[in-house]
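# Residue-level structure breakdown
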Amino acid sequence: MAKPPSSLVRRTAWPDSTSRPVVTPLQPSVVYASPDPDALDAQYAGGTGFTYAREGHPNAVVLAQKIDMLEAATGGIITGSGMSAISAALLGILKAGDHVLGADQLYGRSLRLLSQDLPRLGIETSTADPTDAAAMKAALRPNTRMILVEVMSNPTIRVADMEGIAEVARAAGVLLAVDNTFTTPRLYRPFDHGADIVIHSVTKLLAGHSDATLGYVAARDPDLARAINDANVTWGLTPSPFDCWLAERGLHSFDLRFERAQANAAALADALAACKGVRRVIYPTRHDHPDHNRAMGLLGGQGGNMLSFELTGGRAAANALTRAAPEVAFAPTLGDVGTTLSHPASSSHRGLTPEGRAALGISEGFFRVSVGIEEPGLLIEELTRAVAASTGG
Ligand SMILES: *Cc1c(COP(=O)(O)O)cnc(C)c1O
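Computed from a predicted model, the values in this text were never measured in an experiment. (Residues numbered from 1 in each chain as written. Predicted model: local features only at pLDDT ≥ 70, side-chain atom pairs only at ≥ 80, totals over all residues. Heavy atoms only, no water.)

### Focus: the packing of aromatic side chains
Here the structure, examined in full by the defined rule, presents 4 aromatic pairs. For the pair Y32 and F50, a centre-to-centre distance of 5.7 Å together with 40° between the ring planes defines the contact as tilted. Taken as a pair, Y32 in the segment before α1 (37-44) and F50 in the loop between α1 and α2 (58-71) lie far apart in primary sequence, 18 residues in all. (Phe/Tyr/Trp six-rings, centres within 6.5 Å; stacked < 30°, edge-to-face > 60°. Helix = DSSP H or I, 4+ residues; strand = E, 2+ residues; numbered from the N terminus.)

Here it is, written out as structure tokens:
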């Protein structure tokens, strides 16, 4: 029997190897041991390396650098979720007395943050229609510090007037923060169009496999970036190494997944539009999209992987549709490799009155589809068959 080490608690040195692993190592260590106090001092004074995982770890850095590359950003950071990326940006920059102008159709929790949580901290908030830059401009206040928008709205896939809003923000000296989750850098790169801050829920298309919850935030101005990073570390919004490792693995195939999902979405949009029982399909490259011309210009002729459609048959048809398509997960997320269906009236928008939903165009027959990378024929056959089942056909 081999002689036991002096103590099982002492960590053995990592075995040397002249060859290197081809895969990014997973580094779960919470703390890093320093050679001596001088070395630790030097490190805190801006040297390289890690001290404590909440303040940074290699797996977060590797992932951040990949997303920086996609967004043409520098110094982006990873956070524990998309919401913590938004929180870090807001908490790092805003102070009591500031005003934030949000788009009126943001992600549900972002709207809640604006309407309930920021006011508790003395930060004023309001919202306006992002498809109308003049309305955004009219909603500015003398103390407006930041505008927060998404390029594509959820679930009605409206496309914001990004050029107009960027001009409004620039002219007013207001920071423009863009949540680029739906569009991804493949459709739109906010820093190329005047944004000051770019935010992602990495949980969605970038990681792509619904097995890691993470966020990303980058700021153009290094002082703002530092403030956001400090908020991330101080408020404890930081990510786990394993999630970062999973997301980096997911990112390797992002371009391929995006291309396939987008092609699937365009084909599915047309197939659904031809179905009896479908009142309308909302997809940016279709001529009947309400912001078609703007979308074509802004998104380079691409439509992305998200579409919405409305059944004529209301809730009964909606129930029949999800039951008739058991292979398509009925789950309120997006960006997974598998297609997912969400029904806003019973999930993301259940808090609104029926009138409030109607004003947004969300009926009981309304579905949002996050199109995945399945074999397209199979996907279209499955969903068109489910639509036929929903009409009793
Ligand atoms: C999901 C989502 C978020 C929140 O991200 P989490 O990772 O779930 O915290 C923020 N914005 C948009 C547009 C999203 O879709």
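So that's the structure; there's more coming.
### Details of helix α10 (residues 254-273)
Along an α-helix, residues three or four apart share an orientation, since each turn contains 3.6 residues. Spanning 20 residues, α10 covers 28 Å between terminal C-alpha atoms, matching the ideal 28 Å at 1.5 Å per step. Buried within α10 we find F254, R257, F258, A261, Q262, N264, A265, L268, A269, A271 and L272. (Expected span 1.5 Å × (residues − 1). Buried < 20%, exposed > 50% of the residue type's maximum accessible area, 1.4 Å probe, protein only.)

### A short note on the domain arrangement of the protein chain
What the domain assignment lists for the protein chain is domain 1 (37-251) and domain 2 (254-390). The C-alpha centroid of domain 2 is placed 27 Å from the C-alpha centroid of domain 1. Each partner contributes to the interface: domain 1 provides 30 residues, whereas domain 2 provides 33 residues. Roughly 2800 Å² is buried in total at the junction of domain 1 and domain 2, and carbon and sulfur atoms are behind 61% of that figure. Contact with domain 2 buries area across many residues of domain 1, yet R186, L187 and L205 alone supply 25% of it, more than any other trio. Put simply, domain 1 and domain 2 have 3 salt bridges between them. The salt bridge partner of D291 is R158, with a shortest N-O separation of 2.7 Å. (Domains from an automatic or database assignment. Contact = heavy atoms within 4.5 Å. Buried area = accessible area lost by both parts, 1.4 Å probe. Salt bridge = Lys/Arg side-chain N within 4 Å of Asp/Glu carboxyl O.)

### Observations regarding the sheet that holds strand β11 (residues 340-342)
Taking strand neighbours across the sheet as the criterion, the 5 strands line up as β8-β9-β12-β11-β10 in an open arrangement whose pairing is mixed. For this open sheet the edge positions go to β8 (278-282) and β10 (329-330), each flanked by a neighbour on one side alone. Helix-sheet contacts for α10 involve β8, β9 (306-311) and β12 (366-370), and the interaxial angle to β9 is about 10°. (Pairing = 2+ DSSP bridges. Axes fitted to C-alpha atoms, helices over the stretch in contact; angles between N-to-C directions.)

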